[in-house]
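Understanding the architecture of this molecule
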Amino acid sequence: MIEYDTEERRMILKFVYYGPALSGKTTNLLRLHDLLEKEGRGDLMVLDTKDDRTIFFDLLPFFLVAPSGLKIKVKVYTVPGQVQHDATRKTVLQRADGIAFVADSRRTETKNNAESFANLERNLSIVGIDIDRLPLVIQYNKRDLPGILPEEEIRRAWGPTGFPVILSSALEGWGVVETFRALAERAYDALDRRYDFAGAHGLTRESFAERLVRRSG
Amino acid sequence: MPTDSGGRHRIVYCVGEERPLRDLLPASEAAALLAAAARAGLHGVRIVDPRGKDLWGSGDDVPPAAEGSAARPILIEGEPAGGVVLPAGAAGGETREALLGLLADTLTAMAHNNLKRMLTTETHTEVVNRSYEEILETNRNLAASEQRYRELAGTLEIKVRERTEELSRAMARLVQQEKMASVGQLAAGVAHEINNPLAFVTSNLRTLKKYTDRFLDIIARYQRVFEQGGVAQQDRDDLRKHRESLRVDAISEDAGDLLRQTLEGTERVRKIVADLKGFSHVDEEGEAPADLNREIDRTLSVMTHEIPAGAGIAREFSPLPVIPCLPGAFNQMFLGLLRNAFQARQEGLRMTIRTGVSGDRIRIAFADNGPGVPADLRSRIFEPFFTTREVGKGKGLGLTVAYDIVTAHGGTIDVEDTPGGGATFVLQLPIRRGSHDQIR
């Protein structure tokens with residue numbers, strides 16, 4: 001949580017899209033920007049890139065107000081995937097309330113996926129976030145490409161961990177909203193334990209997720 | 001406040017912190033824009049914060065905005081973060097509305113760009129600071145590691161030196177053992193070779209002596225008969241002349257001596273060979289009970305040719321108990337000590353070998369009247385390959401080997417001054433061995 005100002009009645013949450021370089025994190029956010037209603041969210045802010053690759057981060061903000069009047073802002077960030085930007089990843093990761101791990105479905109990227117996930121675990125520990133309690137969803141992106149891992153293999157690998165796994169193609173535009181929704185629901189569960197959204201603020205899980213993923217058109 | 005690796009509190013820059021409009025629209029940038037807007041027709045336009053409080057004005061002195069004044073929001077990250085308002089009672093109109101909208105959009109774009117710029121700069125700075133701190137930390141760790149390695153290297157040198165000395169000693173002992181082993185084998189081989197022909201030489205000589213005695217006997221008989229008569233005078237004269245020319249009388253006397261001495265010579269050869277075999281103990285392996293007095297004598301007897309002419313060797317032996325030891329090794333040691341003395345002084349060498357029992361130890365002292373050992377060299381003389389002799393005249397192993405043999409037995413060897421000049425080497429050996437130390 002970035003901030004919770006009880007006086008101003010304002011809560012700012014942070015979601016982070018993590019993963020190896022070029023797995024489709026920025027593309028995910030671009031799709032969310034296109035697919036979701038303009039009302040209740042800001043524009044996608046893409047900081048300077050180098051050859052179209054993220055150096056710092058991308059930001060897509062969402063806002064909603066709970067029945068109680070509590071203003072909730074959800075800031076969705078991507079991190080740079082390239083290995084040399086580890087310090088930036090740590091900086092962006094601080095105080096995150098939920099992570100979507102975007103993996104590249106191609107078999108050739110298996111090692112990169114694994115290394116990126118290990119990097120995530122390491123960095124969470126460094127910035128003081130308990131990985132066992134952090135809401136985490138897994139997205140296997142680029143399902144439109146050849147040479148991808150078959151679904152059973154993915155489910156077999158990730159099944160025991162208990163994390164939701166969503167298949168997607170950000171390029172083609174499917175699986176992206178589902179991922180975001182799954183992340184939102186998981187984050188709600190974790191935060192509700194502490195802040196009693198349902199009781200104190202009249203905000204149900206359904207309602208929270210719905211408000212964030214209102215589709216446009 | 002979180003602390004960094006140095007324990008210092010640091011303000012952690014958190015990506016995502018909200019920023020008020022005030023920070024995103026510096027007065028300098030806003031003022032110019034507001035002034036232009038005012039000139040274009042928006043007199044008294046102002047920028048307000050979300051609560052309606054004035055932030056910047058166009059410079060015109062006008063009353064503050066009131067409820068219902070024309071206003072447009074300025075958006076930050078999609079949310080209203082303030083707005084532009086016209087003063088109360090200002091004229092409306094489409095143009096004005098449009099201008100106000102344009103102003104709001106421009107300020108939104110301006111704030112957005114400033115925000116991007118600030119986020120970029122701050123993130124970059126944070127990353128640089130973090131990286132710098134990480135480098136400092138790595139540097140600290142490396143310095144500590146280097147320190148540890150340096151300490152290790154220091155002690156390593158010492159350890160290596162100690163070990164090298166150990167190994168030199170062991171090597172020297174092995175070299176000597178090898179030499180002695182091969183000498184022993186040679187001795188045994190030679191002894192064996194010599195013994196065979198020696199045996200039949202001796203035997204033949206004995207036989208020859210018997211024959212000679214018989215020849216002499218019959219010649220004497222013939223002589224007596226010849227002298228008594230029965231042979232013509234001419235023949236007697238011829239025979240007498242021939243006897244003289246053959247020098248038979250002298251030969252008769254000499255023959256006996258010759259054979260006797262020759263037999264004595266073969267006996268000596270036999271004894272030398274036996275001593276040599278006995279000295280190298282080549283037939284025995286491992287420990288055997290030994291009388292050290294006897295071993296010293298054995299050693300002396302195989303060294304007779306090395307004893308300088310005119311040297312005097314006094315043996316002051318007390319009876320010694322028989323002790324289990326490696327006799328071959330002990331003979332090696334005695335040989336080395338004696339040889340040192342013989343080489344220390346040639347002319348007028350006086351040696352005293354004193355043996356005795358002192359308490360639970362056997363004490364053996366080899367005292368010579370040579371130049372002695374200077375005090376500053378006393379600790380070094382037992383070092384492998386240490387020698388004060390010129391090249392080719394000694395490898396410097398003799399005392400090393402002696403030291404190793406004595407210590408392996410649990411004893412000690414020391415060097416003292418001989419009263420009146422010279423060196424005395426004192427061996428002390430336990431009669432009953434406690435712990436049998438290996439060579440260090």
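Up top you'll find the structure we're talking about.
Throughout what follows, the structure given in this document is the object of discussion.

Thresholds applied
Residues numbered from 1 in each chain as written. Chains lettered and ligands numbered in written order. Predicted model: local features only at pLDDT ≥ 70, side-chain atom pairs only at ≥ 80, totals over all residues. Heavy atoms only, no water. Contact = heavy atoms within 4.5 Å. Buried area = accessible area lost by both parts, 1.4 Å probe. Salt bridge = Lys/Arg side-chain N within 4 Å of Asp/Glu carboxyl O. Polar contact = N/O pair within 3.5 Å; in protein donor to acceptor, adjacent residues only side chain to side chain. Helix = DSSP H or I, 4+ residues; strand = E, 2+ residues; numbered from the N terminus. Buried < 20%, exposed > 50% of the residue type's maximum accessible area, 1.4 Å probe, protein only. Pairing = 2+ DSSP bridges. Patch = residues over 30% accessible without salt bridge, like charges linked within 9 Å, V, L, I, M, F, W, Y side chains within 5 Å. Areas by Shrake-Rupley, 256 points an atom, 1.4 Å probe, with all protein chains shown as cover. 1 Å grid on protein atoms, 1.4 Å probe; cavity = no way out; pocket = protein on both sides within 12 Å on 5 of 7 lines; lining within 4 Å. Points joined across faces, edges and corners; volume = space filled by probe spheres on them. Nonpolar A, V, L, I, M, F, W, Y, C, P; charged D, E, K, R; others polar.

Quick notes on the interface of chain A and chain B
Interfaces are often sized by the accessible area lost when the parts come together. Facing the 26 residues of chain A at the interface are 23 residues of chain B. Contact between chain A and chain B buries roughly 2,100 Å² in total, counting both sides, with carbon and sulfur atoms accounting for 61%. Our count for the contact surface shared by chain A and chain B stands at eight salt bridges. Residue A:Lys75 is joined to B:Glu77 by a salt bridge in which the shortest nitrogen-to-oxygen separation is 3.2 Å. Linking chain A with chain B are 11 residue pairs in polar contact (both at pLDDT 80 or more). Mapped onto the side of chain A that touches chain B, the elements with two or more residues apiece are strand S2 (10–18), strand S3 (45–46), strand S6 (58–65), strand S7 (71–78) and helix H2 (86–93) of chain A. Here the element with the most residues in the side of chain A that touches chain B is H2(A); it accounts for five residues.

Considering the pairing of S6(A)
Residue and element names in this part refer to chain A. Counting buried residues in S6 gives seven out of eight residues, a clear majority hidden from the surface. As paired strands, S3 and S6 are joined by two bridges and run antiparallel to one another. The partner of Met45 across the bridge, within S6, is Leu59. Taking the residues that link successive antiparallel strands as the turn, the S6-S7 hairpin has five residues, and the phi of Gly69 there is positive, at about 100 degrees.

Comments concerning a nonpolar patch on the surface
Residues and elements named next belong to chain B. Together, Leu208, Tyr211, Phe215, Ile218, Ile219 and Tyr222 give the surface a local cluster of nonpolar side chains, amounting to about 630 Å² of exposed area. As for its placement among the helices and strands, Tyr211 is situated in helix H3 (residues 94–228). Overall, the relative accessible area of 44% leaves Tyr211 in the partly exposed class.

Observations regarding empty space enclosed by the protein
All names here are of chain A. Following the criterion strictly, the structure yields one cavity of 30 Å³ or more and no others. When its volume is computed, the largest cavity comes out at roughly 30 Å³. Taken together, Leu36, Glu37, Glu39, Gly40, Arg41, Phe62, Arg211, Leu212 and Arg214 make up the full set of residues lining the largest cavity. Split into classes, the residues belonging to the lining of the largest cavity amount to three nonpolar, one polar and five charged.

Note that every value here comes from positions in space, so none of it alone points to a role or purpose.
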